[in-house]
Amino acid sequence: MVFGDFSSGFFISIVLWWVYNSVLFCVAESMCMDGGNKKYITKSIIFGFLTTLIKAGIDTCIDLTVARQPNMLILAAVMEISMIFYIAGLYYFLFVKVGKRKIQKEKKEITGLVAVFCSLLVLYAGTLFYYMKQVQYAVERFGDMPEVQELGLDNAIWNLTTTLGRESTTVGTIVYVGCFIIIWWILEKITAEKGCLHR
């Protein structure tokens, strides 16, 4: 979801993220309000749009920096890790600012959730390490071949890592969706209602 790439994929991503962020806002608002009104719906739409712009801005910054190097695996990893940070920040804002919840001093047991979260990150790191080793092996073994030299080593690395990057997205998707769920669950456990409004 990068500014300047006004393809159909860009607009589909914008709409999906807009809907997702708006629904999250509605869920957070419902934590401390009974019922809804037009202002409630309008606020969720505006919030969804603004947070989607932030996400697109992050993706654009990554595209203008990390995407300039020839390794697609690094780009995929940075995009997915940035998504986890974005969601963590978004969820925190929704729980604390929108949902009017307070971080508890005495936190419920979250060791298991943190362990699962760390395990998912280790799984993803291991997957990337495995693919990076494959790239290193291919460069060492085939880097001096005339065909590779004719294509250009950077282009060859980009082609190979693009293929491997597509393979890694399956694991990446499982990891970041799992992380989204666990972050929400952790925040649910370590926060409590404060000053809720009831109508």
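Residues numbered from 1 in each chain as written. Predicted model: local features only at pLDDT ≥ 70, side-chain atom pairs only at ≥ 80, totals over all residues. Heavy atoms only, no water.

Undergrad: For the nonpolar core, give the residues involved together with the corresponding values.
TA: Ranked by internal contacts, the top residues of the largest apolar core, which has 37 residues, are Ile87, Leu90, Tyr91 and Leu94. Secondary structure elements with two or more residues in this core: helix 1 (8–30), helix 3 (72–98), helix 4 (111–142) and helix 6 (153–190). When residues of this core are assigned to their parent elements, the largest contribution, 12 residues, is made by helix 6. Aside from chain neighbours lying at most four places away, what touches Leu90 is Asn21, Leu24, Phe47 and Thr51. (Core = buried A, V, L, I, M, F, W, Y, C linked by side-chain atoms within 4.5 Å. Buried < 20%, exposed > 50% of the residue type's maximum accessible area, 1.4 Å probe, protein only. Helix = DSSP H or I, 4+ residues; strand = E, 2+ residues; numbered from the N terminus. Contact = heavy atoms within 4.5 Å.)

Undergrad: How would you explain the side chain of Ser22 if you had to name every residue and give the values?
TA: In this fold, Ser22 is placed in helix 1. Residue Ser22 is classed as buried on the basis of its relative accessible area of 10%. Leave out the neighbours within four places in its chain, and Ser22 touches Ser44, Ile45 and Gly48.

Undergrad: For the pattern of salt bridges, give the residues involved together with the corresponding values.
TA: Within this structure, the stated rule accounts for 3 salt bridges. Across the pair Glu29 and Lys43 runs a salt bridge whose closest N-O atoms are separated by 4.0 Å. With a gap of 14 residues between them, Glu29 in helix 1 and Lys43 in helix 2 (residues 38–65) connect regions that are remote in the sequence. Owing to a relative accessible area of 5%, Glu29 belongs among the buried residues under this scheme. Of the charged contacts in the structure, one is a salt bridge between Lys55 and Asp59, with a shortest N-O distance of 2.8 Å. Here Lys55 pairs with Asp59, and both are found in helix 2, just 4 residues apart, close to one helical turn. (Salt bridge = Lys/Arg side-chain N within 4 Å of Asp/Glu carboxyl O.)

Undergrad: Describe the environment of Tyr92, naming the residues involved and giving the relevant values.
TA: Looking at where Tyr92 falls in the secondary structure, it is placed in helix 3. Taking the C-alpha atoms as reference, Tyr92 lies 7.3 Å from Leu187; in sequence the two are 95 residues apart. Not counting residues within four places of it along the chain, the set of residues in contact with Tyr92 comprises Lys97, Ile103 and Leu187.

Undergrad: Any chance you could break down helix 1 for me, citing the residues and the numbers?
TA: Look at helix 1: 33 Å from first C-alpha to last across 23 residues, which is about the 33 Å you get at 1.5 Å a residue. Among the residues making up helix 1, those that are buried are Phe10, Ile14, Trp17, Asn21, Ser22, Leu24, Phe25, Ala28 and Glu29. (Expected span 1.5 Å × (residues − 1).)

Undergrad: Can you break down the packing of helix 1 against helix 3 residue by residue, with the values?
TA: Two measures define how a pair of helices packs: the angle their axes make with one another and the distance between the axes. Packing of helix 1 against helix 3 brings their axes to within 9 Å, and their N-to-C directions diverge by 30°. On the basis of their axis angle, the class for helix 1 and helix 3 is roughly parallel. For the pair helix 1 and helix 3, the sense of crossing is right-handed. In contact with Trp17, Tyr20, Asn21, Leu24, Phe25, Ala28 and Glu29 of helix 1, helix 3 contributes Met83, Tyr86, Ile87, Leu90, Tyr91, Leu94 and Val98. When its residues are assigned to classes, the contact of helix 1 with helix 3 shows 12 nonpolar, 1 polar and 1 charged. (Axes fitted to C-alpha atoms, helices over the stretch in contact; angles between N-to-C directions. Parallel < 35°, antiparallel > 145°, perpendicular 65-115°, else oblique. Left-handed = near helix turned anticlockwise from the far one by under 90°. Nonpolar A, V, L, I, M, F, W, Y, C, P; charged D, E, K, R; others polar.)

Undergrad: Could you give me a rundown of the packing of helix 3 against helix 4, with the residues and numbers involved?
TA: For the pair helix 3 and helix 4, interaxial distance at closest approach is 11 Å and the crossing angle is 170°. Taken together, the axis directions place helix 3 and helix 4 in an arrangement best described as roughly antiparallel. Residues Leu73, Ile74, Ala76, Ala77, Glu80 and Ile84 of helix 3 touch helix 4, and the partners they reach there are Phe117, Leu121, Tyr124, Leu128, Tyr131, Met132 and Val135. Here the contact of helix 3 with helix 4 is built from residues that sort into 12 nonpolar, no polar and 1 charged.

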